[in-house]
Amino acid sequence: MKEPDYDLLVVGGGLAGLAVAQLVARSGWRVLVLEKGHYPHHKVCGEYLSEEVRPFLLQLGVPLSQWQLPVIRRLEVSNHAGRVYSFPLALGGFGLSRFLLDDALAQQARLAGAVVKEGEMVLEVVQEDGAMVAVTRSGKFTARLAVGSWGKRGQPDVAGQRRFIAQRPNVLNQFIAVKHHFELAEVPDDLIRLDNFQDGYAGLSRVENGVVCCCYLSRASNLRKAGGNIGRMEREILQQNPRLKEVFTSARPLYERPLSISQVSFSEKEQSLNGMLLLGDTAGLIAPLCGNGMSMALRAAWLAAPLLLDRLEERMSQVQMLAEYQKRWKDNFSVRLKTGRVIQAMFGSEWPTAGLLGILGSSPRLAQWVIKQTHGQPFGG
Ligand SMILES: Cc1cc2nc3c(=O)[nH]c(=O)nc-3n(C[C@H](O)[C@H](O)[C@H](O)COP(=O)(O)OP(=O)(O)OC[C@H]3O[C@@H](n4cnc5c(N)ncnc54)[C@H](O)[C@@H]3O)c2cc1C
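Below: a short report on this structure. (Residues numbered from 1 in each chain as written. Predicted model: local features only at pLDDT ≥ 70, side-chain atom pairs only at ≥ 80, totals over all residues.)

## A look at the overall build of the protein chain
- Helix and strand content of the protein chain: twelve helices and 17 strands.
- Relative to the 2.2 N^0.38 estimate, which gives 21 Å for 381 residues, the radius of gyration of the protein chain is 21 Å and therefore close to what a compact globule would have.
- Projected onto its principal axes, the C-alpha coordinates of the protein chain cover approximately 65 × 45 × 40 Å.
- When the 381 residues of the protein chain are sorted by exposure, 46% land in the buried category. (Helix = DSSP H or I, 4+ residues; strand = E, 2+ residues; numbered from the N terminus. Rg over C-alpha atoms; globule rule 2.2 N^0.38 Å. Buried ≥ 20, exposed ≤ 12 C-beta atoms within 10 Å, placed from the backbone.)

## Digging into the nonpolar core
- Ranked by size, the top nonpolar core spans 110 residues in total, and within it Leu9, Val20, Val31, Leu279, Ala301 and Ala304 carry the most contacts.
- With twelve residues, the single largest contributor to this core is helix α9 (residues 293–312).
- Excluding its chain neighbours within four sequence positions, the residues that come into contact with Ala301 are Ala16, Ala19, Val20, Leu23 and Leu279. (Core = buried A, V, L, I, M, F, W, Y, C linked by C-beta atoms within 7 Å. Contact = placed C-beta atoms within 7 Å.)

## Topic: the site of the ligand
- Neighbouring the ligand are 40 residues, the closest being Gly12, Gly14, Gly46, Gly280 and Gly293.
- Every element with two or more residues in the shell around the ligand is listed here: α1 (15–25), β2 (31–35), β3 (48–50), α4 (155–159), β13 (212–219) and α9.
- At four residues, the largest contribution of residues to the shell around the ligand is made by α9.
- Within the shell around the ligand, the residues separate by chemical class into 19 nonpolar, 17 polar and four charged. (Near = placed C-beta within 6 Å. Nonpolar A, V, L, I, M, F, W, Y, C, P; charged D, E, K, R; others polar.)

## Observations concerning the environment of Lys330
- Position of Lys330 relative to the elements: it lies in helix α10 (residues 318–346).
- A sequence separation of 59 residues divides Lys330 from Gln271, and the C-alpha atoms of the two residues are 9.2 Å apart.

## What to know about the packing of α1 against α9
- Two numbers describe how α1 lies on α9: the axes approach to 8 Å, and their chain directions differ by 30°. By the criterion of interaxial angle, the relationship of α1 to α9 is roughly parallel. For the pair α1 and α9, the sense of crossing is right-handed. Contact residues: α1 offers Leu15, Ala16, Ala19, Val20, Leu23 and Val24, while α9 offers Met294, Ala297, Leu298, Ala300, Ala301, Ala304, Ala305, Leu308 and Leu309. (Axes fitted to C-alpha atoms, helices over the stretch in contact; angles between N-to-C directions. Parallel < 35°, antiparallel > 145°, perpendicular 65-115°, else oblique. Left-handed = near helix turned anticlockwise from the far one by under 90°.)

## Regarding helix α8 (residues 242–250)
- Of all the residues in α8, the buried ones are Arg243, Leu244 and Val247. Summarising the axial view, the buried residues of α8 lie within an arc of 90°, below the 170-degree limit, and thus occupy one face. Seen from the buried face of α8, the exposed residues on the opposite side, beyond 90 degrees, are Thr249 and Ser250.
- If you follow the buried residues of α8, they end up packed against β4 (71–78), β11 (191–197), β12 (200–206) and β13. (Arc of directions from axis to C-beta.)

Shown next as structure tokens:
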């Protein structure tokens, strides 16, 4: 058997992939990250990071203090009619664009010794002669181990015939997401807003340089009703909420066109595929209204790295590594994901959303409990 080119192959250089690449490369192993895009790039994401990730990001060398990031401590949620409910955020978070964050993580992974290849779209990952092989348009890359961190939905999901790809439309799939960056005066630095509209909700908070990130999730049916036109959907559906009307009529867009993605699914997924550990959204996506997917992706990398090192140093068998990862993943994320799915299924329709907000608004302890169920404690550092 020919010696594989690398020790670890990382498919997808987003948060989870770049973090695990750095942690494994730091111990001297040959790590290859294959990323289909080019850094820096904008991504569809609300860009609110829970405080639980701060120690880990500092451990990874992300220069958070250089960017004077807004610290977020309050949540305001409005129902379809624009009625506002306010909640304190016990742990809180901060705003940081993916444009800066992913690029900083790529730089730090390279400094640690990982090879990060940009513009390499992986079509599939297979096992051949005891090695993991990633197939891209430009060729094949081999490694002893591989992790899958290609995000919500990618070509390897289709090639691997994953269950969620074949699912029929239901309440947890069939979403689209859209992101704007705005110049907008009305959003205080310490606030994250969640404004509901028919079959969707929009998150608004600040990132670096006073920019406001406005990212929303909507059922795909809203876009169909608007003839596939995002601007029309915003005018005719989102702006029925007076809070969103004020935003869209007074904001100055900073992108020529908003970013958008489709086929977003919150269905259950598996945590391994063809012998690969799956990290971040590849293993399961939490509803964005929980504001916590990025910290889960980073935490998954933090959980997986020691197991990958044990496997590379042959202190653990492949079977043990996969089983232990599965266990750690479930211990850390099962409750959050389940809670997120329940909340996601209740938001969107006018009366369930108004009812749920009414209950949470009049019961601060219950509201804090729900928020706590979807968050974890700080890690790393
Ligand atoms: C509308 C919306 C709002 C959100 N808001 C927030 C928020 O405010 N706070 C929060 O914490 N989370 C939020 N999230 C969730 C968060 O964006 C994700 O959980 C997080 O980005 C997951 O990171 P990841 O590393 O798993 O995947 P990603 O960051 O998506 O990285 C995957 C990488 O893989 C690359 N890739 C994909 N396919 C291939 C391929 N075939 N070959 C090579 N490379 C590939 C991609 O280009 C990408 O760089 C939101 C999600 C949505 C949908």
